Amino acid sequence: MPRSTTTHEQSVAAYIELVDKICPCVVMVHSQSGTFGFQVLEARPDKVKALVAVEPTLGGDRGKITSITSVPVLMVYGDNAKDHPRWSKIRQGGVDYASAFKAGGGSVDVYDLPDLGLKGNSHMIMMDKNSSQVADLIQKWLVGKGLAE
């Protein structure tokens, strides 16, 4: 489905339909699709085993946190998210959501890649030269949550 500002509800419905067909699973989203990932998690917490949000633009609905705290969440940010005039605000919104999620009893981790020794990442983290190292980091997180081997 083409993405536009007028197809948000249809996009979320399509993601939920996909989750209903193939899950249980881990959902991984990037950037603008971050909001879709959180909305799908809120709609199907019994089918989403974890949510990995790579530089998500939006977190979830704070009013729905108590219904999803059994699902672990990982947020990953690259090199420029803390200092960029626009992305620092977006990242802070994610960090604030993560704090609310933790306060509600959920398991959420926020990874700033430079703080973990992984540098050189743009917004397109999974396409950067060190994407295999980032994938390894995500895999280790999944293993730590008992969701992978």
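Here the structure is a predicted model, which is why all the values come from computation and not from measurement. (Residues numbered from 1 in each chain as written. Predicted model: local features only at pLDDT ≥ 70, side-chain atom pairs only at ≥ 80, totals over all residues. Heavy atoms only, no water.)

## With respect to the pattern of salt bridges
Test applied: Here, a salt bridge means any Lys or Arg side-chain nitrogen found within 4 Å of an Asp or Glu carboxyl oxygen. Starting at the N terminus, helices and strands are each numbered in turn, a helix being any DSSP run of H or I of at least four residues and a strand any DSSP run of E of at least two. When accessible area is computed with a 1.4 Å probe and restricted to protein chains, residues below 20% of their type maximum are described as buried, those above 50% as exposed, and intermediate ones as partly exposed.
Going through the model one piece at a time under the given rule, you end up with six salt bridges. Close ionic contact of Lys47 with Asp20 constitutes a salt bridge, the shortest N to O distance being 3.3 Å. Taken together, the residues span a long stretch of sequence, with Lys47 in the loop between helix H2 (34-43) and strand E2 (48-54) and Asp20 in helix H1 (residues 8-22) at a distance of 27 residues. One salt bridge connects Arg91 with Asp112, and the closest N-O pair in it is separated by 2.8 Å. Of this pair, Arg91 sits in helix H3 (residues 87-103) while Asp112 is found in strand E4 (residues 108-112), placing the two residues 21 residues apart along the sequence. A relative accessible area of 12% places Arg91 in the buried class. The exposure class of Asp112 is buried, given its relative accessible area of 9%. Three or more residues are tied together by salt bridges with common partners; here these are Asp20, Arg44 and Lys47.

Purely geometric stuff here, so don't read any function into it on its own.
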